[in-house]
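These are the residues of each chain, in order.
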Amino acid sequence: MNGAESLVRTLVGGGVDVCFANPGTSEMHFVAALDRVDGMRCILGLFEGVVTGAADGYARMSEQPAATLLHLGPGLANGLANIHNANKASSPMVNIVGDHATYHRKYDAPLTSDIEGLARPSSHWVKTSPDAKSIAADGAAAIAAARKLPGQIATLILPADTAWNEGSGPAQVATPTPPKPVSAEAVAEAARALRSGEPCLILVTGRALRQQGLDLAGKIAAKTGARLIAQGSNARTQRGRGRVFLERVPYVVDQATTVLAGLKHIILVGAKMPVAFFAYPDKPSLLAPPDAQGHVLARLDEDMIGALGALAAEVGAHSTPAPVVNDPPPTKATGRITPEALGASLGALLPENAIVVDEAVTTGRGFFAPTRSAAPHDWLSNMGGSIGLGMPLATGAAVACPDRKVITLEGDGSAMYTLQALWTQAREGLDVTTLLFSNRSYAILRGELANVGAGNPGRKALDMLDLGSPDLDFVTLAKGMGVPGARVTTMEEFNHRLAEGIAAPGPFLVEVAF
Ligand SMILES: Cc1ncc(C[n+]2csc(CCOP(=O)(O)OP(=O)(O)O)c2C)c(N)n1
């Protein structure tokens, strides 16, 4: 058995059985090994940003790392933006990056580059496997590193001769360690803050935004009168009717400082003290009042649910009912398409157990409120700020959850980074409805131009934020990649086409022109 097959068998044996791939010559032995090993689902992405973003979506929904297969330094570099996003989301991921054969590197062939150097900034674990006998053990170590809580990026570099020479056979993957319990002092300190009588916020992210964590945090807030808010963006939030609803820290600095004004204590559950996405002249970087004190109840790699349970016991909140949403969903909007109308119809039409992937940027800023009483669903956000994640993330989520409808909320500018994800959705028959908000501009940046004090924009500056001339035709672009779709210009058409997309199995795209 060669090194490549030893590695593939190690991956499958270690529970990594989906590989998003964009291979080249140096990965051919890995590709050939896929045929000889049962149990690995291999999915082609036509750009590495699709591959790595899909691995992120898969990990968020399955809680298992996927493998990616990338072609030397340039393949990795093409995938780095979405590896950065996955890193910020604490998604586990095992990147396998092919390299030249060890003896070929010294000749500086065209594709030679510093792959480790490229990988390091967004990887927790990086290793170039030295020989074919080591590759299986290195693969096992990469899986263990990816699974280290709260979820890490592991990048294993596979020189071509380590793939084709005689390997060791598969290696055993170490069992993951459970999250560490938090200290009694962390719980006691949070309880003291809650009992202080001073304004107190519980700021939540990570696993605490799943049903169990939400219930416990909701009980604590209801019992103590503390406020409860989620971080600005979160990897996966369970929400909708029957669940505790949490506002998020707003993106806009002035709105965020208003929401956080007057607080004296912030209990951090996986979250950091809130910071502005960007610095702006004359605005604060830290969003909480300067005299607000942070209290770490649990870090992301610690047992957040256990910590919330202990805190609920400490403040006597276990028998307090969690304040869950019981309102009916909003009614569908009619007439002109506006962000508000889209939010209402989305809240009305979201199917039970949907996975919502949010890269709607300005159009979607207000979608959180009208979907609070929608049917129960999961909401996935971009945590790294690098756009071009939405459609790949949806692709990976759909692979992880074939029984659930995925709804992608996508800005037109963001869509154009990784539009090829649609082709993978069509090829794999993935159940994804994409709502493509075609406002023909980088609308967010119009506001940012003013916010950073860049002065009155002229023609050249405005052209950098405009997506017209030529107008993008997303229905035709989608059709060219095998995804059916429709363009809508009224809310009645939107409601009809969204329902059509939800009813149809497989991918569908609605271009929302407004
Ligand atoms: C990789 C990357 N490049 C550029 C940006 C800067 N950027 C942030 S939002 C944005 C435009 C988003 O446009 P669109 O998706 O159409 O949403 P809209 O602002 O129109 O609501 C850009 C270019 C970024 N965040 N990430």
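Residues numbered from 1 in each chain as written. Predicted model: local features only at pLDDT ≥ 70, side-chain atom pairs only at ≥ 80, totals over all residues. Heavy atoms only, no water.

**Considerations on the overall build of the protein**
Along the backbone of the protein there are 19 helices and 18 strands. Against the globule reference of 24 Å for 514 residues, the protein gives a C-alpha radius of gyration of 24 Å, in line with a compact fold. With the principal axes as the frame, the protein shows a C-alpha extent of 65 × 60 × 45 Å. Within the protein, residue pairs in contact and separated by at least 24 positions form 81% of the contacts whose partners lie at least 6 positions apart. Element-wise, carbon and sulfur atoms account for 55% of the exposed surface of the protein, whose accessible area totals about 20400 Å². On the protein, the mean spot of the 43 positive side-chain charges and the mean spot of the 48 negative ones are 4 Å from each other. (Helix = DSSP H or I, 4+ residues; strand = E, 2+ residues; numbered from the N terminus. Rg over C-alpha atoms; globule rule 2.2 N^0.38 Å. Contact = heavy atoms within 4.5 Å. Areas by Shrake-Rupley, 256 points an atom, 1.4 Å probe, with all protein chains shown as cover. Lys, Arg positive; Asp, Glu negative; His and termini not counted. Charge placed at Lys NZ, Arg CZ, Asp CG, Glu CD.)

**A few points about empty space enclosed by the protein**
Counted by the stated rule, this structure contains one cavity of 30 Å³ or more. If you add up the space inside the largest cavity, you get close to 30 Å³. As for the largest cavity, its lining consists of Val357, Asp358, Glu359, Leu380, Ser381, Asn382, Leu389, Gly390 and Leu393. Among the secondary structure elements, those contributing two or more residues to the lining of the largest cavity are strand E13 (354-359), strand E14 (377-381) and helix H13 (390-400). Ranked by the residues each element gives to the lining of the largest cavity, the list is headed by E13, at three residues. Looking at side-chain class alone, the lining of the largest cavity contains four nonpolar, three polar and two charged residues. (1 Å grid on protein atoms, 1.4 Å probe; cavity = no way out; pocket = protein on both sides within 12 Å on 5 of 7 lines; lining within 4 Å. Points joined across faces, edges and corners; volume = space filled by probe spheres on them. Nonpolar A, V, L, I, M, F, W, Y, C, P; charged D, E, K, R; others polar.)

**A short note on the environment of leucine 449**
Mapped onto the elements of the fold, leucine 449 is located in helix H16 (residues 443-451). Distance from leucine 449 to alanine 461, taken between C-alpha atoms, is 9.1 Å for residues 12 residues apart in sequence. Ignoring anything within four residues of it in the chain, the contact list for leucine 449 reads Ala454, Gly455, Pro457 and Leu465.

**Quick look at the site of the ligand**
Near the ligand you find 18 residues, and of these Thr362, Asp412, Gly413, Ser414 and Ser441 are the closest. Between the ligand and asparagine 439 there is a distance of 2.9 Å, counted from an oxygen atom to a side-chain nitrogen or oxygen. If you list the elements that add at least two residues to the shell around the ligand, you get helix H14 (412-415) and H16. (Near = heavy atom within 4 Å. Polar contact = N/O pair within 3.5 Å; in protein donor to acceptor, adjacent residues only side chain to side chain.)

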